[in-house]
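# Close look at the chain arrangement
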Amino acid sequence: MVNISIPKTPYKKIPAPWRTAYEAHIQIVERQVAVVAAWVPLITVVFYQFTHQLRLSHNADVWLTEAACRLPVLLCALLTLVSHYTGKPRCQSRYLLRAMGLSVMSMILSLFLVHYSGQHENIYQVTNGVVISFFGVTVLSVRGPKEFWLLFAVPLAIFVLVALAMGIATKALLPFLFDPMVMIVIGFVLSEALRQLRKDEFLARQQLREQATTDQLTGLLNRRAMLHLLEQEHARARRYGATYSLILGDLDRFKVVNDCYGHNIGDIVLQEAARRLGHQIRAEDALCRWGGEEFLLLLPQTDLDGALHVAEKARLSLADEPVEAGEHSIPQTISVGMTSCQGTGDIESAIKRADDALYLAKENGRNRIEAIAAPSLDPTVTAIDIKPAQTDEP
């Protein structure tokens with residue numbers, strides 16, 4: 001599993017559960033931008049270096065100085081492309097983008113000073129390059145305004161200090177920098193518009209995905225989403241010989257709750273049951289509303305003994321405390337069936353074993369756990385005898 005680091009400052013308008021996915025989305029965008037951004041300067045910088053005689057008139061010493069100014073850009077572009085196409089060295093795209101942006105800014109501002117202090121008639125052609133470079137660097141600011149401080153403020157501050165050290169007055173630079181500064185503003189607006197479009201597209205896609213995979217009443221995964229996770233875990237277990245467990249729970253006499261208190265109260269009981277069950281599982285586990293008042297838990301890399309511990313906590317989370325729904329205090333228990341699987345057979349067989357175990361729990365008194373092991377592990381039926389809590393049924 002790939003670990004994705006999330007910046008300490010939370011993304012504005014991105015719901016907390018989606019921030020990891022949004023960070024992954026931004027990293028994909030950065031990789032795509034980095035590859036394009038590497039090819040463009042690699043081609044254009046070489047082109048400009050070897051067509052100087054057609055554009056400018058200067059001696060070989062300046063040609064070598066230009067080459068020295070452009071070398072960092074070429075090295076950053078080559079590093080980005082090698083890292084992307086070969087995977088070595090492994091570099092995060094955000095840092096490659098920053099390196100390319102800083103190298104482009106350093107190159108174009110250095111060339112400006114070289115030609116400003118040398119042959120003055122060439123400065124306007126270099127200024128055109130400044131405009132193009134400034135606009136190109138704005139495209140690299142995938143993460144928004146904070147990138148602008150690094151990519152523009154720092155190089156420009158160093159540029160002004162070097163210019164002053166060379167005896168060039170800031171006032172004399174302003175006419176040449178006016179158009180580039182306007183381009184920074186245009187690029188900033190464009191970059192922010194693109195960033196907002198990316199964010200809106202991500203939010204729309206996540207909302208559609210959540211609607212397709214989430215039970216609207218409880219907020220848990222729905223049956224369709226759980227089946228997809230089951231397929232993945234079953235394939236993993238088959239490939240590596242791992243064991244996973246399923247826990248199928250059904251609220252006891254839930255129809256009585258609906259008949260006595262109404263479906264609105266029944267919905268509250270379902271929501272509270274989902275909340276309590278969700279507090280009993282690990283981050284790597286999955287919980288879904290399997291249908292009606294049934295809940296299914298998927299426990300990756302967990303045998304029956306480990307699943308029993310989770311199932312008992314889930315059972316007690318409901319049995320130990322009644323559900324408060326409006327003015328009513330409703331005792332609610334859950335019957336649990338569980339099984340384990342090593343990737344043998346098929347998913348339907350594993351679900352059926354859990355369902356058969358649940359049927360045994362109902363038949364043997366409710367508010368209890370029954371387990372049926374996978375045939376490849378233990379063909380026997382294991383009953384965990386748990387005395388039902390003494391509650392007054394509604």
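The paragraphs below set out a description of the structure included in this document. (Residues numbered from 1 in each chain as written. Predicted model: local features only at pLDDT ≥ 70, side-chain atom pairs only at ≥ 80, totals over all residues. Heavy atoms only, no water.)

### Things to note about the overall build of the protein chain
Helix and strand counts for the protein chain stand at 12 helices and eight strands. In the protein chain, which comprises 394 residues, the proportion classed as buried is 46%. Expressed as a percentage of contacts within the protein chain between residues at least 6 apart in sequence, the contacts between residues at least 24 apart total 68%. (Helix = DSSP H or I, 4+ residues; strand = E, 2+ residues; numbered from the N terminus. Buried < 20%, exposed > 50% of the residue type's maximum accessible area, 1.4 Å probe, protein only. Contact = heavy atoms within 4.5 Å.)

### Description of the pairing of strand S6 (residues 334-341)
Within S6, eight of the eight residues are buried, which leaves the element mostly enclosed by the surrounding structure. Note: strand S1 (residues 244-251) against S6, eight bridges, orientation antiparallel. Its bridge partner lying in S6, Leu248 is registered against Gly337. Pairing of S6 with strand S7 (residues 369-372) involves four bridges; the strand directions are parallel. Paired with Thr339 across the bridge in S7 is Ile372. This β-α-β element, S6 to helix H12 (residues 347-363) to S7, shows left-handed connectivity. (Pairing = 2+ DSSP bridges. Right-handed = clockwise from strand over helix to strand, strands pointing away.)

### A closer look at the side chain of Ser335
For Ser335, the location among the structural elements is in strand S6. Side chain to side chain, Ser335 and Asp252 meet in a polar contact 2.6 Å long. (Polar contact = N/O pair within 3.5 Å; in protein donor to acceptor, adjacent residues only side chain to side chain.)

### A closer look at the pattern of salt bridges
In total, this model carries 19 salt bridges according to the counting rule given. Residues Asp252 and Lys362 are paired through a salt bridge, measuring 2.8 Å at the closest nitrogen-oxygen approach. One end of the pair, Asp252, is in the loop between S1 and helix H9 (254-261); the other, Lys362, is in helix H12, and 110 residues separate them in sequence. Several salt bridges converge on common partners, so that one network encompasses Glu23, Glu30, Arg94 and Arg143. (Salt bridge = Lys/Arg side-chain N within 4 Å of Asp/Glu carboxyl O.)

### Looking at the nonpolar core
In this structure, Leu97, Met100, Phe112, Phe134 and Phe152 are the most contacted members of the largest nonpolar core, which totals 49 residues. Going through the elements one at a time, helix H1 (19-49), helix H3 (60-86), helix H4 (93-117), helix H5 (123-139), helix H6 (145-165) and helix H7 (170-213) are the ones with two or more residues in this core. If we ignore the near neighbours within four places in the chain, the residues touching Phe152 are Met105, Phe134, Val137, Thr138 and Ile184. Of all hydrophobic cores here, the second largest spans 30 residues; its members include Leu277, Leu304, Ala314 and Leu318. (Core = buried A, V, L, I, M, F, W, Y, C linked by side-chain atoms within 4.5 Å.)

### Observations regarding helix H8 (residues 223-240)
Under the 1.5 Å per step criterion, the end-to-end length of H8 is 26 Å for 18 residues, consistent within 8% with the ideal 26 Å. Listed in full, the buried residues belonging to H8 are Ala225, Met226, Leu230, Glu233, His234 and Ala237. Looking straight down H8, one finds that the buried residues subtend no more than 165° of arc, so they occupy a single side. Of the exposed residues in H8, those oriented more than 90 degrees away from the buried face are Arg224, Arg238 and Arg239. On its buried face, H8 is in contact with H7, S1, strand S2 (286-291), strand S3 (294-299), S6 and H12. Residue Asn222 occupies the N-cap position of H8, its side-chain oxygen lying 3.3 Å from the main-chain nitrogen of Arg224. Residue Gly241 follows H8 closely and has a positive phi angle near 70°. (Expected span 1.5 Å × (residues − 1). Arc of directions from axis to C-beta.)

### Let's talk about a nonpolar patch on the surface
Taken together, the side chains of Phe135, Val139, Phe178, Val182, Ile186, Leu190, Leu194 and Leu197 present a nonpolar region at the surface, about 700 Å² in accessible area. The set of elements that each furnish at least two residues to the nonpolar patch consists of H5 and H7. Here the element with the most residues in the nonpolar patch is H7; it accounts for six residues. Looking at where Leu190 falls in the secondary structure, it is placed in helix H7. (Patch = residues over 30% accessible without salt bridge, like charges linked within 9 Å, V, L, I, M, F, W, Y side chains within 5 Å. Areas by Shrake-Rupley, 256 points an atom, 1.4 Å probe, with all protein chains shown as cover.)

### A word on the packing of aromatic side chains
In the structure shown here, the tally under the stated rule is eight aromatic pairs. Their ring planes at 85° and their centres at 6.0 Å tell us that Phe47 and Tyr48 sit as a pair that is edge-to-face. Among the residues examined, Phe47 registers a relative accessible area of 52% and is labelled exposed. Ring geometry for Phe148 and Phe152: centres 5.4 Å apart, planes at 25°, overall stacked. (Phe/Tyr/Trp six-rings, centres within 6.5 Å; stacked < 30°, edge-to-face > 60°.)

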